[in-house]
Structure formats: structure tokens, C-alpha cells
Amino acid sequence: MSGIGGVGDAMSVDRVMALRAQILERNTALQRVNAQAGVGAPQSTGPASFADSLSNALADVNASQNAASDISAAYERGETIDIAKVMLARQQASVSFEATLQVRNKLLSAYKDIMSMPV
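What counts as what
Residues numbered from 1 in each chain as written. Predicted model: local features only at pLDDT ≥ 70, side-chain atom pairs only at ≥ 80, totals over all residues. Heavy atoms only, no water. Helix = DSSP H or I, 4+ residues; strand = E, 2+ residues; numbered from the N terminus. Polar contact = N/O pair within 3.5 Å; in protein donor to acceptor, adjacent residues only side chain to side chain. Contact = heavy atoms within 4.5 Å. Salt bridge = Lys/Arg side-chain N within 4 Å of Asp/Glu carboxyl O. Buried < 20%, exposed > 50% of the residue type's maximum accessible area, 1.4 Å probe, protein only. Core = buried A, V, L, I, M, F, W, Y, C linked by side-chain atoms within 4.5 Å. Patch = residues over 30% accessible without salt bridge, like charges linked within 9 Å, V, L, I, M, F, W, Y side chains within 5 Å. Areas by Shrake-Rupley, 256 points an atom, 1.4 Å probe, with all protein chains shown as cover. Expected span 1.5 Å × (residues − 1).

Q: Got a minute to help me understand the side chain of serine 96 in this structure?
A: In this fold, serine 96 is placed in helix α3 (residues 83-115). Of the polar contacts made by the side chain of serine 96, one reaches the backbone oxygen of alanine 93; its length is 2.9 Å. Here serine 96 is in contact with Val61 and Ser64, once residues within four sequence places are set aside.

Q: Could you clarify how one ought to interpret the pattern of salt bridges in this entry?
A: For side chains of opposite charge, pairing can occur when their charged atoms come near one another. Per the stated rule, a full pass over the model turns up 1 salt bridge. Between glutamate 79 and arginine 77 there is a salt bridge, with its nearest N and O atoms 3.1 Å apart.

Q: How should I be thinking about the side chain of serine 64 in this particular structure?
A: Examined against the element boundaries, serine 64 turns out to sit in helix α2 (residues 50-76). Residue serine 64 is classed as buried on the basis of its relative accessible area of 6%. Serine 64 has contacts with Gln92, Ala93 and Ser96, leaving out every residue within four places of it along the chain.

Q: Just to check I follow, could you spell out the nonpolar core for this structure?
A: Nonpolar side chains in soluble globular proteins tend to be buried together. With 5 residues, the main nonpolar core is built from Ala68, Ile71, Val86, Ala89 and Ala93. Contributing elements (two or more residues each) for this core: α2 and α3. Per-element tally for this core: the top contributor is α3, with 3 residues.

Q: Honestly, a nonpolar patch on the surface in this entry has me stumped. Any pointers?
A: Judged by side-chain polarity, Phe50, Leu54, Leu58, Val103 and Leu107 come together as a nonpolar surface patch covering roughly 440 Å² of accessible area. Where the nonpolar patch is concerned, the elements lending two or more residues are α2 and α3. The dominant element in the nonpolar patch, judged by the number of residues it contributes, is α2, at 3 residues. You can see leucine 58 is positioned in helix α2.

Q: Hey, could you run me through α3 in this one?
A: Since the α-helix advances by 3.6 residues per turn, residues separated by three or four positions end up pointing in the same direction. When the terminal C-alpha atoms of α3 are compared, their 48 Å separation across 33 residues agrees well with the 48 Å that a helix rising 1.5 Å per residue should span. Residues of α3 that are buried include every one of Val86, Ala89, Ala93 and Ser96, and no others. In the core, the buried residues of α3 are packed alongside α2.

Next up, the structure:
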């Protein structure tokens, strides 16, 4: 049984530092992919209306789909683009579209519920 400052603790610190380095490396890679795909973090300057938020979300989904389309077309033309980057961009666009579709379905359901309420 190792106590504080024992050999086991030094190995666990090394493992933690190695995991930290991997996480930082992956985070950097994701930031590069997002920057190349044109997807940025939302920047808020104040309280936004629901319409503005929805419009921004739809614009982000559209940008994601356009970026995936551009990367796919470049790959098909034979440009030097990694297939993993192409698949990642396509999956990101697909997931964002599916999420948008689910939000649309929930909004329609809420609208139907409100419209069917007795006055």
C-alpha cells in the first residue's frame, strides 16, 4: 500500500498529466476543425430575441451544411483533403440538421397544443 508521495502516486500523476495532454491536443484539433468549417462560438452582445436566436441557429446549420458540401466536393475533385475531415464535417452537418428538425417538430407540437386550447 503506497502512502502519499509514494511510487503509485507518481505514476498516477504521470497518467493524469498524459491524459491532460491528450485532452488539450484533442481540444486544439477540434478548434482547428471548427475554424476551418466556419463554425464559431456564438457571440452575444446582449439579450437576444427568440427570433434572432432561431435565425442564428438556422444560419449556423446552413453554414455547417455548406462547409460539408464544399469539403466533400473538394475531396471528390481529388484535392488533398483527409477523408476523416470530410466524414467529420458531413456528420456534424447531419447532426445539426437533425437537431434543428427536432426543434421544429417540438415547436409545431407546441403551436398545435396552444391552438387547440379552449378560449
